[in-house]
Amino acid sequence: MPPQPAPTTRPVLPPGTVTEPLGHALDPESFTPRLLALLSNALVWRESHELRRRFGLGTNEWRVISALAIRPGASATEISEFLGVNKAIVSKSVSALVQRELLVLSDGPRGSRPMFLSSAGAEMHDAMLPISMRGQELILSHVSGDDVERFNGLLHRMLEELRDLQIVERTLARAAEIEAEH
């Protein structure tokens, strides 16, 4: 007689546990923020994997190199704001790039640290650029030239609205904190 599989026991769940999908949940196939996030994650993963394999650097280091290619002399704070990432991410990337002698730190006014690509950093930029551009090509291959311009304009407007909303939300949060203290 063949061995019988061990009986599976269903975990005991507390009363009120929801075990079926909610009828009013988001439709994941038509929820645009999810689709944009999936596309962005896939592009970043592809880019990061290739950058690490070929150069031993990741997407965050590439972003700093790329930003300094168009903003020489920017500080870590300026790069952080430009990229829309936490300053700690930029600082970690800067340390790795300085260690590899791809970045030069300078002393600036009032303790600022302007950053510049070294000649090796500029060469690394040129070597990494095609990998990043491949992601752009993957997206744009499905869109006409006029649509690209409209799409980018729409993305810029949405980003601006989100920045404005974040400013309002931060202001309201600060006001609530001050009110709570008194």
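Procedures and definitions
Residues numbered from 1 in each chain as written. Predicted model: local features only at pLDDT ≥ 70, side-chain atom pairs only at ≥ 80, totals over all residues. Heavy atoms only, no water. Helix = DSSP H or I, 4+ residues; strand = E, 2+ residues; numbered from the N terminus. Buried < 20%, exposed > 50% of the residue type's maximum accessible area, 1.4 Å probe, protein only. Polar contact = N/O pair within 3.5 Å; in protein donor to acceptor, adjacent residues only side chain to side chain. Core = buried A, V, L, I, M, F, W, Y, C linked by side-chain atoms within 4.5 Å. Patch = residues over 30% accessible without salt bridge, like charges linked within 9 Å, V, L, I, M, F, W, Y side chains within 5 Å. Areas by Shrake-Rupley, 256 points an atom, 1.4 Å probe, with all protein chains shown as cover. Salt bridge = Lys/Arg side-chain N within 4 Å of Asp/Glu carboxyl O.

Student: Please explain the side chain of Glu 50 as it appears in this structure.
Tutor: Looking at the secondary structure, you find Glu 50 in helix H1 (residues 32-55). Of the residues examined, Glu 50 reaches a relative accessible area of 19% and is grouped as buried. Looking at Glu 50, its side chain comes within polar contact range of the side chain of Arg 53, at 2.6 Å.

Student: Explain the nonpolar core here, please?
Tutor: Within soluble globular proteins, side chains that are nonpolar generally end up buried alongside one another. Of all hydrophobic cores here, the largest spans 21 residues; its most connected members are Ile 79 and Met 128. If you list the elements that add at least two residues to this core, you get H1, helix H2 (59-70), helix H3 (76-83), helix H4 (87-99) and helix H5 (119-140). Tallying contributions element by element places H2 first for this core, with five residues.

Student: How do you make sense of unusual backbone geometry when you look at a structure like this?
Tutor: Note on backbone geometry: most residues besides glycine have negative phi, and most peptide bonds are trans. Not every positive phi belongs to a glycine, and Glu 101 is a case in point at roughly 60°. Mapping Glu 101 onto the fold places it in the loop between H4 and strand S1 (103-105). Relative accessible area serves as the criterion here: at 59%, Glu 101 is assigned to the exposed category.

Student: It is not clear to me how a nonpolar patch on the surface should be interpreted in this structure. Could you clarify?
Tutor: On the surface, Leu 36, Phe 151, Leu 154 and Met 158 cluster together into a nonpolar patch covering about 320 Å² of accessible area. Within the element layout of this structure, Phe 151 appears in helix H6 (residues 145-181).

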